[in-house]
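# Results of the structural survey
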Amino acid sequence: NPFAGLVSHLRASWLSGKTRPMEYRIAQLEALGRFLDEKKQEILEATASDLGKAPFEAELSEIFLCKNELHETLNNLSHWMKDKQVDRTLAMQLDSAFIRKDPYGVVLIIAPWNYPIQLFLVPLIGAIAAGNCVIIKPSEVSKKTERLVAEALPGYLDKDCFAVVTGGVPETTRLLENKFDYIFFTGTSRSPPVGRIVMTAAAKHLTPVTLELGGKNPCYVSDTCDVTNVARRVVWGRFFNAGQTCIAPDYLLCTVEMQDKLLPALRKAIDDFYGPNPRESPDFGRIVSDKQFQRVQRLLGSGRVAIGGQTDEAERYIAPTVLVDVQLSDPIMQEEIFGPILPIVIIANMDEAIDFINSRERPLAVYAFSSDDKVVNQVLERTSSGGFCGNDTLMHLTLTSLPFGGIGNSGLGMHHGKFSFDTFSHHRGCLKRGMGREPLNAPRYPPYSQQKFGVIRATSKVTRKNDCTLL
Amino acid sequence: NPYAGLVSHLRASWLSGKTRPMEYRIAQLEALGRFLDEKKQEILEATELDMGKPSFEAFFSEILLCKNELNVTLNNLCHWMKDEYVDKNLVMQLDSAFIRKDPYGVVLIIAPWNYPIHLFLVPLIGAIAAGNCAIIKPSEISKNTERLVAETLSCYLDNDCFAVVTGGVPETTRLLENKFDYIFFTGTPPVGRIVMTAAAKHLTPVTLELGGKNPCYVSDTCDVTNVARRVVWGRFFNAGQTCIAPDYLLCTVEMQDKLMPALREAITEFFGPNPRESPDFGRIVSDKQFRRIRALMSSGRVAIGGQTDEAERYIAPTVLVDVQLSDPIMQEEIFGPILPIVVIANMDEAIDFINARPRPLAIYAFSCDSKVVNQVLERTSSGGFCGNDTLMHLTLTSLPFGGIGNSGLGKYHGKFTFDTFSHHRGCLHRNMGLETLNTPRYPPYTQQKLGLLTTTFEVKRRGTCTLL
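For clarity, every value in this text was computed on a predicted model and none was experimentally measured.

### With respect to helix α4 (residues 55–81) of chain A
Where α4 of chain A bends most, the angle comes to about 50°, and this point is N75 of chain A. Among the 27 residues of α4 of chain A, 25 are classified as buried, and the element is accordingly described as predominantly covered.

### Thoughts on empty space enclosed by the protein
The final tally for this structure, using the stated rule, is twelve cavities of 30 Å³ or more. Estimates place the volume of the largest cavity at around 370 Å³. Lining of the largest cavity is provided by 25 residues; of these, L65, Q118, L394, L397 and T398 of chain A occupy positions nearest its centre. Going through the elements one at a time, α4, α5 (118–129) and β6 (182–186) of chain A together with α15 (447–457) of chain B are the ones with two or more residues in the lining of the largest cavity. Sorting elements by how many residues they give to the lining of the largest cavity places α4 of chain A first, with four residues. Residue composition of the lining of the largest cavity, grouped by class: 16 nonpolar, seven polar and two charged. Both domains that meet at the lining of the largest cavity, namely domain 1 (4–213 + 415–426) and domain 2 (218–405) of chain A, each give it at least three residues. In this structure, the second largest cavity spans a volume of roughly 200 Å³. When contributions to the lining of the second largest cavity are tallied by element, the ones reaching two or more residues are α4 (55–81) and α5 (118–129) of chain B. The leading source of residues in the lining of the second largest cavity is α4 of chain B, at three residues.

### Comments concerning the packing of helix α3 (residues 40–51) of chain A against α4 of chain A
Residues and elements named next belong to chain A. Contact pair α3 / α4: the axes reach a minimum separation of 9 Å and the direction vectors enclose 120°. On the basis of the axis angle, α3 is oblique to α4. Every pair of crossing elements has a handedness; the one defined by α3 and α4 is right-handed. Residue-level inspection shows K40, I43, L44 and T47 of α3 in contact with α4, the latter providing P55, A58, E59, E62 and I63. Looking at the contact of α3 with α4 residue by residue, the classes come out as five nonpolar, one polar and three charged.

### Structural notes on the domain arrangement of chain B
Residues and elements named next belong to chain B. The domains assigned to chain B are domain 1 (3–210 + 410–423) and domain 2 (215–406). Taken together, the contact between domain 1 and domain 2 spans 25 residues of the former and 26 residues of the latter. Of the roughly 2,300 Å² buried where domain 1 meets domain 2, counting both sides, 59% is carbon and sulfur surface. By the criterion of area lost to domain 2, the three top residues of domain 1 are E57, W113 and H413, representing 23% of everything that side buries. For the pair domain 1 and domain 2, the number of links is zero salt bridges. On the surface where domain 1 and domain 2 come into contact, there are seven residue pairs in polar contact (both at pLDDT 80 or more). Every element with two or more residues in the side of domain 1 that touches domain 2 is listed here: α3 (40–51), α4 and α8 (189–201). Broken down by element, the side of domain 1 that touches domain 2 gets its largest block of residues, five residues, from α4.

Cut-off values and rules
- Residues numbered from 1 in each chain as written.
- Chains lettered and ligands numbered in written order.
- Predicted model: local features only at pLDDT ≥ 70, side-chain atom pairs only at ≥ 80, totals over all residues.
- Heavy atoms only, no water.
- Bend = angle between axes of the 7 residues up to and from the residue.
- Helix = DSSP H or I, 4+ residues; strand = E, 2+ residues; numbered from the N terminus.
- Buried < 20%, exposed > 50% of the residue type's maximum accessible area, 1.4 Å probe, protein only.
- 1 Å grid on protein atoms, 1.4 Å probe; cavity = no way out; pocket = protein on both sides within 12 Å on 5 of 7 lines; lining within 4 Å.
- Points joined across faces, edges and corners; volume = space filled by probe spheres on them.
- Nonpolar A, V, L, I, M, F, W, Y, C, P; charged D, E, K, R; others polar.
- Domains from an automatic or database assignment.
- Axes fitted to C-alpha atoms, helices over the stretch in contact; angles between N-to-C directions.
- Parallel < 35°, antiparallel > 145°, perpendicular 65-115°, else oblique.
- Left-handed = near helix turned anticlockwise from the far one by under 90°.
- Contact = heavy atoms within 4.5 Å.
- Buried area = accessible area lost by both parts, 1.4 Å probe.
- Salt bridge = Lys/Arg side-chain N within 4 Å of Asp/Glu carboxyl O.
- Polar contact = N/O pair within 3.5 Å; in protein donor to acceptor, adjacent residues only side chain to side chain.

Here you go:
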């Protein structure tokens, strides 16, 4: 077990109690902030090299969103860490009842390649804030970022408590043989096997997990909408990071009339954003690897190309593409696209769209566009997904006050903001009673009697109150 | 797959939306309340047959505590169900941002035999409150209660949405082949692993309420009489078959000498000179469990009790001393009416002892000195904690109840049950217009646009907040 020594070193550090004081956690979090500031240029360069990520996008997703999470945590950590006092029964009025936030211990964070800094760093913020030691396993697919993290991060964090492990599937498999106290895994739904593999490995040690997976995020566009605005918002969400985003709108659902209106608007938005030849735009990314490029390119043979469709294997370039006449049996409808292709699926009306969504695996996000609030609310009400955004794409992720996570095949657990802290802390129910006042306890002891039971019932009963206001 | 039809029937009911309206959920919960009221006598009789549970104990744990959970839920359901509005950044001031509480779908609740009503019913309350359909799998070991639940619960709940499945290991294994949207399991760690592994195949989230050896540290500064009574109560309630019972005592040899007569006195006071004749002391649930526990008694030396009767599955309230770490009684959760005492030199040794072992479901610490209680709490890790008493933290619906490490994962009781069985869906509802607000994010990218975005979305670091 090549990682046994490392895990046991981190466990000893955790047991020593060094991660418990708030000052320690703040110091580590502030060091993470310096990593983001001082290594900003290197991060932009590494992600540009790995994914052709536009510096604007990298600065937004890999630096700025992370700093928001960091500040949110630093601003609130002392409140989050405090014991939370809870309501007590009559019998316990003189006792102390509270929830203590304890660390789990040694946690493992496994991150993917598409937002290679954000997707380990945001969970890491929560893990540190909650007092844990952490092993970070960045993706080997985003090679330059992996090397940057492995070489630079240890320079900022306490090496006794935090470590970076690199490698591919064999190394991750060996790593998972160890007992961790929490495992946080982010991976796309095209590897539900990997999410299952991680949870199965966790089950051997009864290790709690959060799995941030993915799916095909449907995007319903009703007949009543501002076509120009919808097109821009959908194009932005679909083609950001060349489509390699777990909450990107995966496919569009609309009537044939709306499709006819949307196509010119989509064409215009793509042109506005990336120019007549997106390959020359500095603002449009590339596919991360040859394997991914070939996979995404194959999906182009579905339906008919209405916009785009050009590719260049040497650059791993796939043009912003829209497909029409797509059949459910087409390859593009069989897996999460995770690339810059937007297929349009025709439905007759909202009810058909909702049925279509509900007959498939529950996705990480559902999108609905309509000027009619009732339509948006109906789609929200009658579907199930990790998260939801009405009249936009991706934006719900940017609010640290919203929990971010999947359901069913798209994952389990949630994080961001306080939810990351809560994910990585054990909420320990605590009661502290007095050593004296023994007569208060007498009714519960044998020999049992009706009278004693009456006293217990009177002092610990929760009565039914009047009906509260209906929703 | 013998249960495929049932699971798919429940899934169809869930997809029909019938469990969504608050009125429906309240009606089902109120029906559960009627089950507890109308079948009270049958519940007392069944649990007495199954494990000699005294009516007082059954009334308290199987009826009263359940009704409390029911009432907390009924009192608060409309608040819990409401969309929870959250803080927004500058740019989203005109948008609507909230957390929607969605059901998971079809959930499976697997319950054990020791509190056979409570341990399916309390999770079921949360599952129903959160809008799910549920399959309940009571334990086949508490046979009379299993039959009662299988035969009568269906008269109270909507059979389209709720079902009871009976059987043993083979049936549970077949049941677990199906895809559930949540699995709530209460039982032992080895079976917990099996359940989680089965859940992993379908990426099904789980709560596992397991167990362990719950240490009970008694410091030299305490009221020996009170400590003895509270420990005896916690250890021998339900003849020791309680997941949060104090499993073993840790104290100095001086404290052991003081405790022994006090423990003896408490046992006599509670159960009389011959506990076998007391109507207030339970029995072991099965022959297999009886033999397992009896074998543990050959550890150390019997200081109090030690008598057994196989025909009645009676094991006397027993205290063992001179116990070695290698003894059988220190190798597994006792789950019976035996209290071993392990001698340590001081609090630090007690804490080290606790930390050298798997993390338990509960830790108990008794001391007149609150600093001692706080130290034990601070320097150990467990599901829950109680200072200067045993078991009582479970009775507060406002405290989360769950394990850590080998003692489990997830939590419930009160609102925590509702939260366990609901998916917290982050929702943002924006305006179709106001497109100019969005332009800074679109390509072609410029520094000016980035500056605008960061200004409007930024979370600034505030001045250091008050230290703890």
